[in-house]
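What the coordinates show
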Amino acid sequence: MLKPSPRLLRFLLLSVLAFGILVACNSQNATPGRPLVVGSSPWPGFAGHYVALEKGFFQAQGVEVEDSYFQIATDVNTGLLADRLDLAWTGVPDMVVMAGQDPSLRLIMLSDYSDGADGILARGISSPQDLQGQNIAWESLPLQALLLRKYLESAGLSEQDIRLQVIPAAEAASAFAANRIDVAVTYEPYLSNAAKEGQGEVIFTSKGTNIIPVGLVAKESVIQSRKDEIAAFLKAIDQGVAFVRDNPTEAHEIVARKLGVTAEEVPALLETVRIFNIAENKSIVFNANDSLNVMDSLEFAAKTSQEIGLLPTPVDASELYDASIVEGL
């Protein structure tokens, strides 16, 4: 019997190893068994996500989820851009600005519109003109930039007329409550408590607007490679939203633990957001004929972000969403 030469044996061994590495790499990118890594942060509009985690709705839908919970919202955005997250719950204006760095980002589903959950805290401010020359604390989120710009414009002011101090939202609220700062741009669950504790008032909010949509964002490559898992994820979120609406007592306990508040405080926080389920994403969010459609919000965010220097080059707002999974459910 002919023995294979050492050179042939070496070739065969290397070929087997190379094939094994290729299979392993492909498995890592596409195997449904690998968890979907999802970034979230404290926000009342994510109630459906919090409940789905606690109640096991993701497992029931056959999708494994690894929840990466960040106390600071900007850390979610950093994780998404660095490919440490598959999906991220984040502000849509933030996504628009991030698209300047990665144009493959897409909005998949809207969790909510901020309906008073974002606002400006102040003491001794009776009109927008009073902000001129003031130090204003903020987290440097694009969604906060849009809110602040809208308030400043009502007095003919711009960011050049104020001094911005970058402080995470929770810390800014604490500093306001402790009388260390007099003006802060922040959001719930910090906004209302800080106003009360700091003997100030909320002088402007997102109430009654659609300028701050919040939703689920992913890169196009993840959407294409893990579409079935994302569909299952969205079904679980839909269950979570239904549970929040139908079982408020238990849901409020779950949400309270995530937000670091009492269950009694949760109903008021939920009133500051307008949460959407899958059916409402179809009939309202991705419906161009509805006045609250997210396409208009994307256009506003893209236009304003470029005007205030957050986007160095224009982005095409029509390319920033992918409604195909929602529409297929």
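Position labels on residues start from 1 in each chain and follow its written sequence. Local features in this predicted model are restricted to residues of pLDDT 70 or higher, and side-chain atom pairs are both shown and tallied only at a pLDDT of 80 or more, whereas totals for entire chains, interfaces and linings draw on every residue. Side-chain measures here rest on the full set of heavy atoms in the structure, leaving out hydrogens and waters.

For helices the rule is a DSSP run of H or I covering at least 4 residues; for strands it is a run of E covering at least 2, with both sets numbered from the N terminus onward. Secondary structure assignment for the chain yields 15 helices and 11 strands. Across the 329 residues that make up the chain, the buried fraction comes to 51%. When checking whether two residues touch, look at their non-hydrogen atoms; a contact exists if any pair is within 4.5 Å. For the chain, contacts bridging at least 24 residues in sequence account for 79% of all contacts bridging at least 6. Only the protein chains shown count as covering a residue, and every accessible area follows the Shrake-Rupley method with a 1.4 Å probe. Total accessible area on the chain is roughly 15000 Å²; 52% of this is exposed by carbon and sulfur atoms. Only protein chains enter the calculation, and the probe is 1.4 Å; a residue is then buried if its accessible area is under 20% of its type maximum, exposed if over 50%, and partly exposed in between.

A few words now on the pairing of strand β3 (residues 87–91). Within β3, 5 of the 5 residues are buried, which leaves the element mostly enclosed by the surrounding structure. Here, any two strands with at least 2 DSSP bridges between them count as paired. For strand β1 (residues 36–40) and β3, the ladder comprises 2 bridges, and the chain directions are parallel. The residue of β3 that forms the bridge with Val-38 is Leu-87. Both β3 and strand β10 (residues 213–219) contribute to a ladder of 4 bridges, which runs antiparallel. Bridged to Gly-91 within β10 is Val-214.

Spatially, 6 strands are ordered β2-β1-β3-β10-β4-β11 in an open sheet, and the strand pairing comes out mixed. Two strands close off the open sheet at either side, each with one partner strand: β2 (65–69) and β11 (273–275). This sheet shows a mean twist of 30 degrees between the axes of neighbouring strands, independent of strand direction. Pairing of β1 with β2, which is carried by 5 bridges, proceeds in the parallel orientation. Residue pairing for β2: Leu-36 is matched across the bridge by Val-65. For helices, the axis comes from a line fit to the C-alpha atoms of the stretch in contact; other axes are also lines fit to C-alpha atoms, and the angle between any two N-to-C directions lies between 0 and 180 degrees.

For patches, a residue must show more than 30% relative accessible area and have no salt bridge; joins then use 9 Å for like charges and 5 Å for nonpolar side chains, namely Val, Leu, Ile, Met, Phe, Trp and Tyr. For salt bridges, the criterion is a side-chain nitrogen of Lys or Arg within 4 Å of an Asp or Glu carboxyl oxygen. Asp and Glu count as negative and Lys and Arg as positive, but His and the ends of the chain are not part of the count. Each charge is placed at NZ for Lys, CZ for Arg, CG for Asp and CD for Glu. Judged by side-chain charge, Asp-296, Glu-299, Asp-316 and Glu-319 come together as a negatively charged surface patch. With respect to the helices, strands and loops of the structure, Glu-299 is situated in helix α14 (residues 294–307). With a relative accessible area of 47%, Glu-299 lands in the partly exposed category.

Turning to the nonpolar core, a few remarks are in order. Only buried residues count toward a nonpolar core, which is a set of Ala, Val, Leu, Ile, Met, Phe, Trp, Tyr and Cys residues joined through side-chain atoms within 4.5 Å. Among the nonpolar cores identified, the biggest contains 114 residues, and Leu-87, Met-95, Val-96, Phe-233, Leu-234 and Val-294 are the most heavily contacted of them. Here this core takes 10 residues from helix α10 (residues 227–246), the largest share from any one element. With residues up to four places along the chain from it excluded, the contact list for Met-95 reads Leu-105, Arg-106, Leu-107, Val-217, Leu-298 and Leu-320.

A word on the confidence of the model for the chain. One number per residue, pLDDT, summarises how confident the predictor is, and it ranges from 0 to 100. For the chain, the average pLDDT comes to 89, and 90% of its residues sit at 70 or higher. Across residues 1–32 the pLDDT falls below 50, and counting only partners more than four positions away or on other chains, this stretch makes 9 contacts in the model.

Okay, helix α6 (residues 142–153) next. To estimate how far a helix should extend, the number of its residues minus one is multiplied by 1.5 Å. Counted at 1.5 Å a residue, the expected span for α6 with its 12 residues is 16 Å, and the 16 Å between its end C-alpha atoms agrees. Counting buried positions along α6 yields 10 of 12 residues, so the element is predominantly enclosed. Taken as a whole, α6 has its buried residues at Pro-142, Leu-143, Gln-144, Ala-145, Leu-146, Leu-147, Leu-148, Arg-149, Tyr-151 and Leu-152.

This part takes up the pattern of salt bridges. Oppositely charged side chains can pair when the atoms bearing their charge come close. A complete count under the given rule lists 14 salt bridges for this structure. Linking Lys-219 and Asp-83 is a salt bridge whose minimum nitrogen-to-oxygen distance equals 2.7 Å. You can see Lys-219 sitting in strand β10 and its partner Asp-83 sitting in the loop between α4 (73–81) and β3, a full 136 residues away along the chain. Under the relative-accessibility criterion, Lys-219 is labelled buried at 9%. By relative accessible area, which is 56% here, Asp-83 ends up exposed. Residues participating in the shared-partner salt-bridge network are Asp-83, Asp-102 and Lys-219.

Further remarks concern the packing of aromatic side chains. Planes of paired rings set the category: under 30 degrees apart is stacked, over 60 is edge-to-face and the rest tilted, where pairs are Phe, Tyr or Trp rings (Trp by its six-membered ring) whose centres lie within 6.5 Å. All chains considered together, the criterion is met by 10 aromatic pairs. Aromatic side chains Phe-286 and Tyr-321 sit 5.9 Å apart centroid to centroid with 25 degrees between the ring planes, which places their arrangement in the stacked category. Of this pair, Phe-286 sits in the loop between α13 (278–285) and α14 while Tyr-321 is found in the loop between α14 and α15 (324–327), placing the two residues 35 residues apart along the sequence. An aromatic cluster is defined as three or more aromatic residues linked by ring pairs; in this entry it consists of Phe-46, Phe-58, Trp-89 and Phe-233. Definition used: whenever NZ (Lys) or CZ (Arg) falls within 6 Å of the ring centre and also within 35 degrees of the ring normal, the charge is taken to sit over that ring. The ring of Phe-176 has Arg-123 lying over it, and the distance from NZ or CZ to the ring centre is 4.1 Å. Cation over ring: Lys-258 sits above Tyr-69, and NZ or CZ is 4.2 Å from the ring centre.

Because each turn of an α-helix spans 3.6 residues, side chains separated by three or four positions end up pointing in the same direction. Here α10 contains 20 residues, and its C-alpha end-to-end distance of 29 Å stays within 8% of the 28 Å for a straight helix at 1.5 Å per residue. Along α10, the residues that are buried comprise Glu-229, Ile-230, Ala-231, Ala-232, Phe-233, Leu-234, Ala-236, Ile-237, Gly-240, Val-241, Phe-243 and Val-244.

A word on unusual backbone geometry. Looking along the chain, the bond that leaves Glu-188 and enters Pro-189 is cis, with omega of 20 degrees. With respect to the secondary-structure elements, Pro-189 resides in the loop between β8 (183–187) and α8 (191–197). In this model, Gln-199 sits at a positive phi of 55 degrees, which is unusual for a non-glycine residue. Topologically, Gln-199 is positioned in the loop between α8 and β9 (201–205).

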